[in-house]
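Take a look at the letters that make up each chain.
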Amino acid sequence: MAHIQLKNISKTFGNHTALTGLDLDIADGEFFVLLGETGAGKTTTLRMIAGLEKPTEGQVFIDGVDVANWGAAERDVALVLQQYSLYPRYTVRENLEFPLKPKIRRLPDAEIKDRVDRAARTLRIEHLLDRKTDRLSGGEMQRVSIGRAIVRKPRVFLMDEPLSALDAKLREALRTELKNLQMQLGATFLFVTHDQIEAMSMGDKVGVLNHGRIVQTGTPHEIYNNPRDTYVASFVGSPPMNLIDGKLVDGRAVMAPLNFELPFAGGAKTGAAADGRPLVFGIRPEDVYLETGAPVEARIHDVENHGVEKILTLRVGDAMLRATVPARTDVEIEQAVRFAWNPDKVVLFDKGSGINLRHAS
Amino acid sequence: MAAVTTSTERSLNKLAIVGVLIVTMIFLAPIYWIASTAFKPRNLATTIPPTVVFQPEISPFVKLFTKRSQLRTAPTPEQYAAAPWWERLVFDGGEKVVRSGRGEVQWSGYPNRFMNSLIVAITSTVLAVGMGTFTAYGFSRFKIKGEQDLLFFILSTRMLPPVVVAIPMFLMYRVVGLNDTHWGLIILYTAFNLSFSVWLMKGFMDEIPKEYEEAALVDGYTRMEAFFKIVLPEAATGIAATAVFCFITAWNEYAFALIMTNRRAQTAPPFIPSQVGSGLPDWTVIAAGTFLFLLPVAIFTFLLRNHLLRGMSFGAIRK
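In this text, all values refer to a predicted model and were calculated from it rather than measured experimentally. (Residues numbered from 1 in each chain as written. Chains lettered and ligands numbered in written order. Predicted model: local features only at pLDDT ≥ 70, side-chain atom pairs only at ≥ 80, totals over all residues.)

### Description of the overall build of chain B
Definition in use: Note on conventions: DSSP H or I runs of at least 4 residues are helices, E runs of at least 2 residues are strands, and numbering of each starts at the N terminus. Radius of gyration here uses only the C-alpha atoms, and the compact-globule reference equals 2.2 Å multiplied by the residue count raised to the power 0.38. Residue pairs qualify as contacts under a 7 Å threshold applied to their C-beta atoms, which are placed from the backbone.
In terms of regular secondary structure, chain B is built from 16 helices and two strands. Taking 2.2 N^0.38 as the reference for a compact globule, 319 residues should give roughly 20 Å; the C-alpha atoms of chain B span a radius of gyration of 26 Å, well beyond that estimate. If you take every contact in chain B between residues at least 6 apart in sequence, the share linking residues at least 24 apart comes to 77%.

Here it is in structure tokens:
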């Protein structure tokens, strides 16, 4: 188990800058999720910790030791990839034994057998041990990949979108399994994903990466309820946070181009400085509600039925606004409705920089 | 796909099969000619029209492996009775086997030349494919300054027709004493095949996901171990295909073998036509030599045929 620290990491590939000034601190035994879009630099970060890539600048520490000159083999980390981490010519057992047999830390045969059997039991793949890996289903393959990682008891588990190639049902099942496994092992996990649901449901901590920079690090709760900027606000959450341009006038939220007003409760928190300045109001769809007699009128633009709830798209002038409402809400497209928001849940962003005012101060 | 085929489709199919058969026969005709001539008695070898039905015999092969001289008179019955069965075949052809003073059979140059061919072709193939595999791996996995230029440079060694460099090569070889040596030919053929091998193997290497090795690296293996344990087995198909092509090139090479060797290291290709030589050529012997010469390539290709088929279409197939 280990404590991972990245200090001021930059990485360039030719003209392309993958990472800039990245700082990251992953505590011992933490399930840390690195969340970002494709090309944000997640995999590069992971590969740098694994020792497969050297940072152009900055340092990587494992348990306080600078590992700049350590090869991948010496770092004692385990890597689970989206695909291609199993050897097609080997059986499942041979694949699981492989990490236990390198010259630098070859284990006695009895110990190898014991560890493989234990890992197979943990992942419920005992019946597959003698099968060739090209005869496995996607879910089984990914279980074996994880097995390859856990047989070794590495200091850190690095997982590069291990669930992305699987179908929805399996993904959900393995998500729970992985989380349980991590708690059971008490191991440090760094899990890379572009799927914000994975990040929210599994992470003790989440780091949001955008264009090679860490935008925000925090618990899923913090990231969700108090996004640092409009990028995080729109990236995390499904549907994402509504972002509406406007300004504060005497403690009231006035949507500037659209000319509607909503009550606002956060005036005291943000201070008078925000008064009159161009702002972006952020509100989660679940904090927008329909109510007869609510202050603003809108038309129903679209209805998405999700079973337990409905996601409505409301149209106010040219602007669209999402609202998550209970499934029993009975609405039709083009119907006129009135809505309001929960004034306590509104997040204010600076219009120019996109930074959350609460974070800025 | 409809299970029912129309009658036009069926007749088109038949037409295609007939077409393929005709083309196959055209391609196989010279090979049949060689093979059949190798088993013919001498008097049937040059008949017009060619004899198709005949009693096959192996006298051409006996003659191929021995030194012989013309009989002036028929052998005496004692001589004939004392001779082993294969020597009688030579007597029947109007020749006798040349023996030393102590009665040892004098072998022809063919077995030696054949061995030379095997030594040179196999060694140069192993070298070219081996070095090519390593080089291709390097090009495929590491960022190399001027990679494109280097690859082009490697390829450019194939752009000159070999004959152009024959005379300078000959002069250089004479100075360093590589003339008429196995190593001389091996070096030459390896150099020829290397560029081809590098390019072909690079295509195969690029197709092997680098994740395999990276997983091994993270698991505590060195780059070398990962290469031998993971990459090499995955590259088997490519190695087989490349080896077949290199072997065929080295095995069939004629021009340099003719110029660079004459006795010790001479390979079969320049030797076989030299036997046409003086007097009336015995075509059955030449056909026998050629027939045997065809076998190694045929066997090698046959053994690796599955790899070869995938190798030919490499790049087009994604796993």
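### What about the nonpolar core?
How we decide: By our criterion, buried Ala, Val, Leu, Ile, Met, Phe, Trp, Tyr and Cys residues that link up through C-beta atoms within 7 Å make up a nonpolar core. Exposure in this text rests on C-beta crowding, where 20 or more other C-beta atoms within 10 Å of a residue's own make it buried, 12 or fewer make it exposed, and counts in between make it partly exposed. The C-beta atoms are placed from the backbone.
Core analysis: the largest hydrophobic core is formed by 136 residues, its most contacted members being Val-33, Ile-49, Ala-50, Leu-79, Leu-158, Leu-190 and Phe-191 of chain A. Among the elements that line this core, the one with the most residues is helix H9 (residues 182–207) of chain B, at 12 residues. Other than its neighbours up to four places away in sequence, Leu-79 of chain A contacts Ala-50 and Leu-158 of chain A together with Ala-215 and Val-218 of chain B. Membership of the second largest hydrophobic core comes to 15 residues, among which are Phe-61, Val-62, Val-285 and Ala-287 of chain B.

### As for the interface of chain B and chain A
Just so we agree on the cut-off: Just so you know the grouping, Ala, Val, Leu, Ile, Met, Phe, Trp, Tyr, Cys and Pro go in nonpolar, Asp, Glu, Lys and Arg go in charged, and all remaining residues, Gly too, go in polar.
Opposite the 13 residues of chain B that make contact, chain A presents 17 residues. For the side of chain B that touches chain A, the secondary structure elements donating two or more residues are helix H10 (211–218) and helix H11 (223–234) of chain B. Broken down by element, the residue count for the side of chain B that touches chain A peaks at six residues, all from H10 of chain B. Considering only residue class, the side of chain B that touches chain A consists of eight nonpolar, two polar and three charged.

### What about the sheet that holds strand S4 (residues 57–62) of chain A?
Note the threshold: Paired strands, as defined in this entry, are two strands with at least two bridges between them according to DSSP.
Pairing is antiparallel in the open sheet, where four strands are placed in the order S2-S1-S4-S5 (chain A). Both edges of this open sheet fall to strand S2 (16–26) and strand S5 (65–66) of chain A, since each of them pairs with a single strand only.

### Focus: the environment of Ala-250 of chain B
Residue and element names in this part refer to chain B. With respect to the helices, strands and loops of the structure, Ala-250 is situated in helix H12 (residues 236–252). Spatially, the C-alpha atom of Ala-250 lies 5.9 Å from that of Tyr-189, the residues being 61 residues apart in sequence. Ignoring anything within four residues of it in the chain, the contact list for Ala-250 reads Val-120, Ala-121, Ser-124, Thr-125, Tyr-189 and Asn-193.

### Re unusual backbone geometry
The phi torsion of most residues other than glycine is negative, and most of the peptide bonds are trans. Cis geometry is adopted by the peptide bond preceding Pro-239 of chain A, which originates at Ser-238 of chain A and carries an omega value of -5°. Counting through the fold element by element, Pro-239 of chain A comes out in the loop between helix H9 (230–235) and strand S11 (242–249). Its identity is not glycine, yet Asp-180 of chain B carries a phi of approximately 55°, on the positive side. Within the fold, Asp-180 of chain B resides in the loop between helix H8 (162–176) and H9.

### Structural notes on the sheet that holds strand S15 (residues 288–290) of chain A
Two modes of strand pairing occur in sheets, parallel and antiparallel, and in both the strands are linked by backbone hydrogen bonds. All names here are of chain A. Note the cut-off: To obtain each axis, a line is fitted to C-alpha atoms, and for helices this fit is confined to the stretch in contact; angles are then taken between N-to-C directions over 0 to 180 degrees.
Read across the sheet, five strands follow the order S15-S19-S16-S17-S18 without closing on themselves; strand pairing throughout is antiparallel. Every other strand in the sheet has two partners, leaving S15 and strand S18 (319–326) as the edge strands with one partner each. Between one strand axis and the next, the sheet turns by 45° as a mean value, whatever way the strands run. Pairing of strand S16 (residues 296–305) with strand S19 (residues 336–341) involves four bridges; the strand directions are antiparallel. The partner of Ala-298 across the bridge, within S19, is Val-337.

### Let's talk about the domain arrangement of chain A
Residues and elements named next belong to chain A. What counts is decided by this rule: An automatic or database domain assignment supplies the residue ranges for each domain.
Taken domain by domain, chain A comprises domain 1 (4–235) and domain 2 (242–360). For domain 1 versus domain 2, the separation of C-alpha centres amounts to 38 Å. Between domain 1 and domain 2, the residue contacts involve eight residues of the former and 10 residues of the latter. Taken together, the residues of the side of domain 1 that touches domain 2 break down into three nonpolar, three polar and two charged.

### Comments concerning the domain arrangement of chain B
Interface size is often expressed as the accessible area that is lost when the parts come together. All names here are of chain B. Considered domain by domain, chain B is made up of domain 1 (43–97) and domain 2 (110–312). One C-alpha centre belongs to domain 1, the other to domain 2, and the line joining them spans 38 Å. When residues of the side of domain 1 that touches domain 2 are assigned to their parent elements, the largest contribution, five residues, is made by helix H3 (residues 59–65). Of the residues assigned to the side of domain 1 that touches domain 2, the class counts are five nonpolar, one polar and one charged.

### Quick word on the packing of H10 of chain B against H11 of chain B
All names here are of chain B. Rules: When the near helix sits turned anticlockwise from the far one by under a right angle, the crossing is termed left-handed; a clockwise turn instead gives a right-handed crossing.
Where H10 contacts H11, the axes come no closer than 9 Å and their chain directions differ by 145°. Two packed elements cross with a definite hand, and for H10 against H11 that hand is right-handed. Judged by residue contacts, Tyr-212, Glu-213, Ala-216 and Leu-217 of H10 engage Arg-223, Ala-226, Lys-229, Ile-230, Val-231 and Glu-234 from H11. Here the contact of H10 with H11 is built from residues that sort into six nonpolar, no polar and four charged.

### Brief notes about the pairing of S19 of chain A
Residues and elements named next belong to chain A. Where burial is concerned, the two faces of S19 differ: the one with Val-337, Phe-339 and Trp-341 is buried and the one with Ala-336, Arg-338 and Ala-340 is not. Where S15 lies against S19, three bridges are found, and the strand directions are antiparallel. Counterpart to Leu-290 in the pairing with S19 is Phe-339.

### What to know about the UniProt feature "transmembrane region" (unreviewed entry) in chain B
Under the convention used in this document: UniProt positions are given in the numbering used here, feature names are shortened, and annotations may be inferred rather than shown by experiment.
In the numbering adopted here, UniProt assigns the feature "transmembrane region" (unreviewed entry) to residues 12–35, 118–139, 151–171, 183–201, 230–251 and 283–304 of chain B. Counting secondary structure, residues 230–251 of chain B comes out at 95% helix and 0% strand; the distance between its end C-alpha atoms is 31 Å.

### Some words on the pairing of strand S9 (residues 205–210) of chain A
Residues and elements named next belong to chain A. Two elements, strand S3 (residues 31–36) and S9, share five bridges in a ladder whose sense is parallel. Each residue of the ladder has a partner; that of Phe-32, found in S9, is Lys-205. One ladder, built from five bridges, connects S9 with strand S10 (residues 213–218); its direction is antiparallel. Within S10, the position partnered with Val-206 by the bridge is Gly-218.

### Section: the UniProt feature "domain: ABC transporter" (unreviewed entry) in chain A
Following the UniProt record, the feature "domain: ABC transporter" (unreviewed entry) maps to residues 4–236 of chain A here. With 36% helix and 27% strand, the stretch residues 4–236 of chain A has end C-alpha atoms that lie 25 Å from each other.

### Remarks on the environment of Ser-85 of chain A
Within the secondary structure, Ser-85 of chain A is located in the loop between strand S6 (77–80) and helix H3 (92–97). Judged by local crowding, Ser-85 of chain A falls into the buried class, with 27 C-beta atoms found within 10 Å. When sequence neighbours within four positions are dropped, the list of residues in contact with Ser-85 of chain A reads Val-80, Ser-145 and Arg-148 of chain A together with Glu-211 and Ala-215 of chain B.

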